[in-house]
Amino acid sequence: MIDLQRRVAIIGAGVGGLSQAIALKTKLGFHDFTIYEKGSEVGGVWRANTYPGCSSDVQIHWYSLSSDLYPYWNKSHGLQPEIQAYWIDLSKKYNLYPHIAFNTKVLSAEWDDAKQQYIIVAEDVLSGKRISSVAHVVISAVGNLEAPRIPYEIPGIRKFQGISFHSAQWPGSIDLRDKRVAVIGNASSGAQFVPSVSEDPSVEVVNFIRTPTWFNNRPHIPYSDTEKWIFANIPLAMRLHRAWIMFWFDFPSLVRLSDKTLKKRREAMTKYILDKAPSRYHDRMIPDYPPGCKRTVANNGFLDVLHRPNLTLNFDGIDNIAENGIITKTGEMLPFDVIVYATGFIGKQDRYPMHVRGSNEATIQGYYDAHGGPTAYLGTSVPDIPNFYLLAGPNTVTPTSSLFVEEVQIGYIFQLIEPVLSGSVSSFTVKASPTDAYNAKVQGRLSRSVFVQCYSWARTNGTGKVFNVFPWAVTLWWWWLRKPNWDHYVAVGAEKWVWARRRKAVKNSLKCTAVLTLLWPYISGSVQTTWWERLSVACDYLSKFSLRL
């Protein structure tokens, strides 16, 4: 139980921030923390994205907190309402609401070297009032896709007199019946809500596509009552199901695919799209970049509904937006009542969401700029920024569960903040040289990968550094972050902690030496016993001493 006057600030009440808070309470018994959330409820992306058909791309049993698996999910992929309800329930279960400052946006966090703490300035988004507080540890859980991107570069976008909004800001009260609806973009969000919006034949939908995308088959398979009962009542059944999903997602990253295999995969994905889509779109639906360069979209009905008479795809490009519609680059004027922007989010290559200043006047944004884009050590720590940790930081995205990636980070961060919260250390700061070495390794791998073969928001300015992707299997991610390499960090005020570690190391060495000394006659065979007797004695000694090591 930690009971010192140390405080932790968590920025963001999405799945990462909530998971961090739950772990602080359950694993460290630590309660002196505040979660700053600019919205009015928990959930992050699942609070914000309420568009029809919004769901998880990854199977929901792997996109659940490992400490709180839920046996009663309705389908293999969770829908937004039930995912949001899951996180609200967890927030109530662990009594997190008293720790959350809602409608509060963090503007800055500046490190005070003398006091070894951060001064945090936040703003009430409703009143504009600013408040100041201190924290000894700050954990940024703002997520990768934090700010919706509106394509203001399209001429006339502000002239439109109808209703317009981003898919991440879907109005709950909007009625689209008998409306002409333009959807700009067809990536993950657009592919999820277009089938729902076009289900009503009175809604005329035109989906504007600038760049076609690759699709894979990702059906939402209902769980039967029997399967739910098995998950709830058979020990380890749900854990084994979750492990199988992880293996299924991670295995392709464990093996290096040959050019022949990659060619066959591209041919199979091409055939899948052409078999599903109407023939009139065949010459426009296949991307000119290889699969995997951009995010592959999970098809859960989008390709199938392209046959609907009230849904049209438009590949002509948008020249400008008028007061009552869209003018294409062919000069055609298409009238609309509603425009929905399914145009993604602003990547962190533009600006880090807040001002963070550490030691030596260093800032996170300054470090990013000096290194050609977002850069961090293990996607978690930034040089000269003490006691500040990023969840879902640079180069942490995998094709697997983002929640699993963040849980691995949380376990790693815990080992760094526990000595601080217990008073054994004042601060940890990652060194520049191991950060440079790690990122040279990451970028070296990425430079030979599919991720540099197309224009992408996950690259600085679209064509530069790949700042988003972790280019190995998530298993390796877990292995690298299972424990910190303490030589890669500078510790301040750590005399007690250093001596405690040294005493523990000496004690463990002496125990190991004693064990080996006692076992040597049996290992060497100098004692006249059979080999299985020697093995039995060895196992007995090891079982006794390993419990104390």
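Residues numbered from 1 in each chain as written. Predicted model: local features only at pLDDT ≥ 70, side-chain atom pairs only at ≥ 80, totals over all residues. Heavy atoms only, no water.

Novice: Any chance you could explain the pairing of strand S1 (residues 8-11) here in plain terms?
Specialist: The side chains of a regular strand alternate, first on one face of the sheet and then on the other. Side chains of S1 alternate between two faces, with Val8 and Ile10 and Ala9 and Ile11 buried alike. As judged from the four bridges shared by S1 and strand S2 (residues 33-36), these two strands associate in the parallel manner. Looking at S2, one finds that valine 8 is bridged to phenylalanine 33. After leaving S1, the chain enters helix H1 (residues 15-28) and then returns to the sheet as S2, a path that is right-handed. (Buried < 20%, exposed > 50% of the residue type's maximum accessible area, 1.4 Å probe, protein only. Helix = DSSP H or I, 4+ residues; strand = E, 2+ residues; numbered from the N terminus. Pairing = 2+ DSSP bridges. Right-handed = clockwise from strand over helix to strand, strands pointing away.)

Novice: I tried to follow the packing of aromatic side chains on my own but got confused; where do I start?
Specialist: Each pair of aromatic rings is reported with the distance of its centres and the angle of its planes. If you walk through the whole model with that rule in mind, you get 35 aromatic pairs. Consider the rings of phenylalanine 470 and tryptophan 477, whose centres lie 5.2 Å apart with planes at 70 degrees: the pair is edge-to-face. Exposure class is identical for phenylalanine 470 and tryptophan 477. Each is buried. Grouping aromatic residues by their ring pairs yields a cluster made of Tyr377, Phe428, Tyr438, Phe470, Trp472, Trp477, Trp480, Trp486, Tyr489 and Trp497. (Phe/Tyr/Trp six-rings, centres within 6.5 Å; stacked < 30°, edge-to-face > 60°.)

Novice: Looking at this model, I keep getting lost on the state of the cysteines. Mind explaining?
Specialist: Linking two cysteines covalently through their sulfur atoms gives a disulfide. Scanning all chains against the criterion turns up one disulfide. The disulfide bridge from cysteine 293 ends at cysteine 454, spanning 1.9 Å between sulfur atoms. Note on the cysteine 293 and cysteine 454 pair: the S-S dihedral is about -105 degrees, so by sign convention the disulfide is left-handed. With cysteine 293 in the loop between helix H7 (259-276) and strand S13 (297-299) and cysteine 454 in the loop between helix H10 (432-447) and helix H11 (474-480), this residue pair connects regions lying 161 residues apart in the sequence. We note that cysteine 293, like cysteine 454, is buried. (Disulfide = S-S within 2.5 Å.)

Novice: Explain the packing of H1 against helix H9 (residues 402-421) to me, please; I cannot follow it from the model alone.
Specialist: Packed helix pairs are specified by the crossing angle of their axes together with the interaxial distance, meaning the distance between the axes. Axis separation between H1 and H9 bottoms out at 10 Å; the angle between their running directions is 45 degrees. One element, H1, and the other, H9, form an angle in the oblique class. For the crossing formed where H1 meets H9, the hand is right-handed. For the pair formed by H1 and H9, the contact residues are Val15, Gly16, Ser19, Gln20, Ala23, Leu24, Lys27 and Leu28 on the first element and Leu403, Glu406, Ile410, Ile413, Phe414, Ile417, Glu418 and Leu421 on the second. The residue inventory of the contact of H1 with H9, partitioned by class, reads ten nonpolar, three polar and three charged. (Axes fitted to C-alpha atoms, helices over the stretch in contact; angles between N-to-C directions. Parallel < 35°, antiparallel > 145°, perpendicular 65-115°, else oblique. Left-handed = near helix turned anticlockwise from the far one by under 90°. Contact = heavy atoms within 4.5 Å. Nonpolar A, V, L, I, M, F, W, Y, C, P; charged D, E, K, R; others polar.)

Novice: Would you take a moment to explain unusual backbone geometry for this structure?
Specialist: In the Ramachandran plot, leucine 236 falls in the positive-phi region, its phi being about 70 degrees despite a non-glycine side chain. Tracing the chain through its elements places leucine 236 in the loop between helix H5 (225-233) and helix H6 (237-254). The phi dihedral of asparagine 360 falls on the positive side, at around 55 degrees, and the residue is not glycine. Looking at the element boundaries, asparagine 360 is found in the loop between strand S20 (355-357) and helix H8 (364-370). Asparagine 360 gets classed as exposed once you look at its relative accessible area, which sits at 65%.

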